[in-house]
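Notes for the structure review
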Amino acid sequence: MTIEDVEAVAHEVRLHLGDAPVQLPEPVAALARVVAANRKGHATIGALTPSPWLFPGGQPGRPISTTQLTQRLNQLGIRPNQARSTALFQLATEIPAAILARTLGIHTDVAVAWQRLSAGDWATYAAEVSQRPIRTDQRH
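Rules of the game
- Residues numbered from 1 in each chain as written.
- Predicted model: local features only at pLDDT ≥ 70, side-chain atom pairs only at ≥ 80, totals over all residues.
- Heavy atoms only, no water.
- pLDDT = per-residue confidence, 0-100.
- Helix = DSSP H or I, 4+ residues; strand = E, 2+ residues; numbered from the N terminus.
- Buried < 20%, exposed > 50% of the residue type's maximum accessible area, 1.4 Å probe, protein only.
- Pairing = 2+ DSSP bridges.
- Salt bridge = Lys/Arg side-chain N within 4 Å of Asp/Glu carboxyl O.
- Axes fitted to C-alpha atoms, helices over the stretch in contact; angles between N-to-C directions.
- Parallel < 35°, antiparallel > 145°, perpendicular 65-115°, else oblique.
- Contact = heavy atoms within 4.5 Å.
- Nonpolar A, V, L, I, M, F, W, Y, C, P; charged D, E, K, R; others polar.
- Patch = residues over 30% accessible without salt bridge, like charges linked within 9 Å, V, L, I, M, F, W, Y side chains within 5 Å.
- Areas by Shrake-Rupley, 256 points an atom, 1.4 Å probe, with all protein chains shown as cover.

Let's shift gears to the confidence of the model for the chain. Averaged over all residues, the pLDDT of the chain equals 78, while 78% of them reach at least 70. By mean pLDDT, helix α6 (residues 125-131) is the weakest element of the chain at 63, and strand β2 (residues 12-15) is the strongest at 91.

What follows is the structure, encoded as structure tokens:
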């Protein structure tokens, strides 16, 4: 993730992770502003040009490793693996496995397993949708 992926305008902070930017809620927006303004890492010390990475690593032109970032977050009491699992299981309860798999780039069987573990059952979703009455006021 580069510094260009964080867009801070007025009272909003947007994170560009794909086609559409995600607006960050407070206090995450405030944290993103601080991180973007105070990037630190071995690659930034004595560099002729600022590092483009939001989390600069130990080598110029490279971001921090996943392991190193996880260790730093753990020292702050933030458990990214637990938060990631929680977010994925929440998604699995809210959207069908096929959409979850396509969105996250995972195999459909993995998405189905997550849904079963999170008690989200989408097995009857298509049948239920097909049985809904067609509203005449809907526009296509």
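Moving on from the model shown.
Moving on, we come to the pairing of β2. Side chains of β2 alternate between two faces, with V13 and L15 buried and E12 and R14 left unburied. Where strand β1 (residues 6-9) meets β2, four bridges bridge the pair, whose relative direction is antiparallel. Directly across from A8, in β2, lies its bridge partner V13. Where β2 meets strand β3 (residues 22-23), two bridges bridge the pair, whose relative direction is antiparallel. Within the sheet, the bridge partner assigned to L15 lies in β3 and is V22.

This part covers the pattern of salt bridges. Scanning all chains against the criterion turns up three salt bridges. Its salt-bridge partner being E12, residue R14 comes within 2.5 Å of it at the nearest N-O pair. Overall, the relative accessible area of 24% leaves R14 in the partly exposed class. Residue class for E12 comes out partly exposed when judged on its relative accessible area of 27%. Between R33 and E26 there is a salt bridge; the shortest N-O distance is 3.7 Å. What you see here is one network of salt bridges that share partners, running through E7, E12 and R14.

This part takes up the packing of helix α3 (residues 80-94) against helix α5 (residues 108-117). Interhelical geometry of α3 versus α5 gives an angle of 90 degrees and a closest axis separation of 8 Å. By the angle between their axes, α3 is roughly perpendicular relative to α5. Where α3 approaches α5, its residues L88, F89 and A92 are matched on the opposing element by W114, Q115 and L117. Split by residue class, the contact of α3 with α5 holds five nonpolar, one polar and no charged.

This part takes up a nonpolar patch on the surface. A cluster of nonpolar side chains, contributed by M1, L17 and V22, occupies part of the molecular surface with about 280 Å² of accessible area. Note on placement: V22 falls in strand β3.

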